[in-house]
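Residue-level structure breakdown
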Amino acid sequence: MEDKIKNIENEMLKEVESAKNRDGLEQVRIKYLGRKGLISEILSSLGGMSVEEKRKVGPLANSLKINATAVFQEKARRLEKEKTKEEGIDFTLPGARPEIGRIHPLIKTINEINEIFIGLGFRIVESPEIETEFYNFKALNIPLDHPSRDVFDTFYLDSPEKTRPGSRRLLRSHTSTAQIRIMEKEKPPLQVLSSGRVFRPDAVDASHSFMFHQMEGFMINKNIRFSDLKGVLTQFSREMFGPETKMRFRPHFFPFTEPSVEIDISCIICGGKGCRVCGNKGWLEILGAGMINPKVYETVGYDPKAWSGFAFGMGIERITMLKYGIDDIRLFFENDLRFLRQF
Ligand code: PHE
């Protein structure tokens, strides 16, 4: 048996060596390594051998198989090399043009906004998408009985029975979590911008998605006033939407800012006269903002008497849809190249 294996190996090496091309080599490969090939035959005959025989022949047969596989691969590589050498390479042929991707429209908007705020002295940071109730709610002064904490409004990752009350993990429902993450780690003065995905269990339609993007910004220093908020956001809206853009501040409520506002810009389509996009109102709501609530400072250990600041948040999909006249939020997430190639 040992001689037989040795003979098979020698025969095989000769035949491999004399194979002239891929097809020829494949024939030889099938003869030895194919399902009914000579090597496979030996391996399957092991079953009928005595234990002693098996112990001798088994390792030999196995290493023959491993060697054979390597020999065939090596020969195939050599044949391929010879082939290109023979045929030569035609340098005048056009190369394979790499597909060049492009920036997704939402990322384009984020980049554009980032540039504007970097120009105003802001710094870009990242913040996690998986959060806890503490960062998403409690530290932002959102009480335990607030409706947004409901399981219908937030994706929870832990069940309440398995965790201490108020410590469940969740998918963040807004980017205001970044305020706490940064304040916890750093001391003022701060001028920070952070954008990314947020999640809310909304039914998907033309204007709702269970996942969308927000951008959060905040600035904390000595003597920051509401007029600073107004100045920074006015500068932003003029650079982003054009120098003629007007702003309107409406009183609003957010638990983590006090006072709070919702900010509209004059409609970028009709300039304020009223059209389909602004619902004939002449104004478009684009931002939530306010002066950071002293309760937030207390939670992160800042002295509310020493520091003041403002925060704002905006929806990236909404701004992108307004900017390009896109009427369905689902287009951003469907990966339809006919849509994406337009940007
Ligand atoms: N987090 C708020 C939202 O998702 C927006 C906001 C951010 C409001 C910062 C005020 C200050 O609606």
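Residues numbered from 1 in each chain as written. Predicted model: local features only at pLDDT ≥ 70, side-chain atom pairs only at ≥ 80, totals over all residues. Heavy atoms only, no water.

Brief notes about the overall build of the protein
Counting secondary structure elements, the protein contains eleven helices and nine strands. Here the C-alpha radius of gyration of the protein, 34 Å, is well above what a compact globule of 343 residues would show, namely 20 Å. By principal-axis analysis of the C-alpha atoms, the protein measures approximately 95 × 60 × 40 Å. When the 343 residues of the protein are sorted by exposure, 42% land in the buried category. Long-range pairs, those at least 24 residues apart, make up 66% of the contacts in the protein between residues at least 6 apart in sequence. (Helix = DSSP H or I, 4+ residues; strand = E, 2+ residues; numbered from the N terminus. Rg over C-alpha atoms; globule rule 2.2 N^0.38 Å. Buried < 20%, exposed > 50% of the residue type's maximum accessible area, 1.4 Å probe, protein only. Contact = heavy atoms within 4.5 Å.)

Overview of the UniProt feature "domain: Aminoacyl-transfer RNA synthetases class-II family profile" (unreviewed entry) in the protein
Residues annotated in UniProt with the feature "domain: Aminoacyl-transfer RNA synthetases class-II family profile" (unreviewed entry) correspond here to residues 113-342. Span residues 113-342 is 24% helix and 28% strand, its end C-alpha atoms 20 Å apart. (UniProt positions renumbered as here; feature names shortened; annotations may be inferred.)

A few points about a negative patch on the surface
Together, Asp150, Asp153, Asp202 and Asp205 line one region of the surface with negative charge. Positionally, Asp202 belongs in the loop between strand 4 (190-199) and strand 5 (211-221). (Patch = residues over 30% accessible without salt bridge, like charges linked within 9 Å, V, L, I, M, F, W, Y side chains within 5 Å. Areas by Shrake-Rupley, 256 points an atom, 1.4 Å probe, with all protein chains shown as cover. Salt bridge = Lys/Arg side-chain N within 4 Å of Asp/Glu carboxyl O. Lys, Arg positive; Asp, Glu negative; His and termini not counted. Charge placed at Lys NZ, Arg CZ, Asp CG, Glu CD.)

Some details on the domain arrangement of the protein
With domains assigned, the protein is organised as domain 1 (2-87) and domain 2 (105-340). With centres defined by C-alpha atoms, the gap from domain 1 to domain 2 works out at 66 Å. (Domains from an automatic or database assignment.)

Considerations on the nonpolar core
Counting residues in hydrophobic clusters, the biggest one holds 42 residues, and the most contacted among them are Ile113, Phe117, Leu233, Phe236, Phe312 and Met314. At the level of secondary structure, the elements contributing two or more residues to this core comprise helix 5 (105-119), strand 5, helix 8 (226-241), strand 7 (257-266), strand 8 (283-292), strand 9 (308-315), helix 10 (316-324) and helix 11 (337-340). Residue contributions to this core peak at six residues, all from helix 8. Ignoring anything within four residues of it in the chain, the contact list for Phe117 reads Phe122, Leu193, Val232, Leu233, Phe236, Phe312 and Met314. Membership of the second largest hydrophobic core comes to 23 residues, among which are Phe137, Met183, Val300 and Tyr302. (Core = buried A, V, L, I, M, F, W, Y, C linked by side-chain atoms within 4.5 Å.)

Observations regarding helix 10
Inspection of helix 10 places Ile316, Glu317, Ile319, Thr320, Met321 and Leu322 among the buried residues, and these make up the whole buried set. Residues of helix 10 that are buried sit in contact with helix 5, strand 5, helix 8, strand 8 and strand 9. At the exit of helix 10 stands Gly325, carrying a positive phi of roughly 65°.

Quick notes on the UniProt feature "binding site: Mg(2+)" (unreviewed entry) in the protein
The sites that UniProt annotates as "binding site: Mg(2+)" (unreviewed entry) are Glu258. By the element assignment, Glu258 lies in strand 7. Residue Glu258 is classed as partly exposed on the basis of its relative accessible area, which comes to 45%. When neighbours within four sequence positions are excluded, Glu258 is seen to be in contact with Met291 and Asn293.

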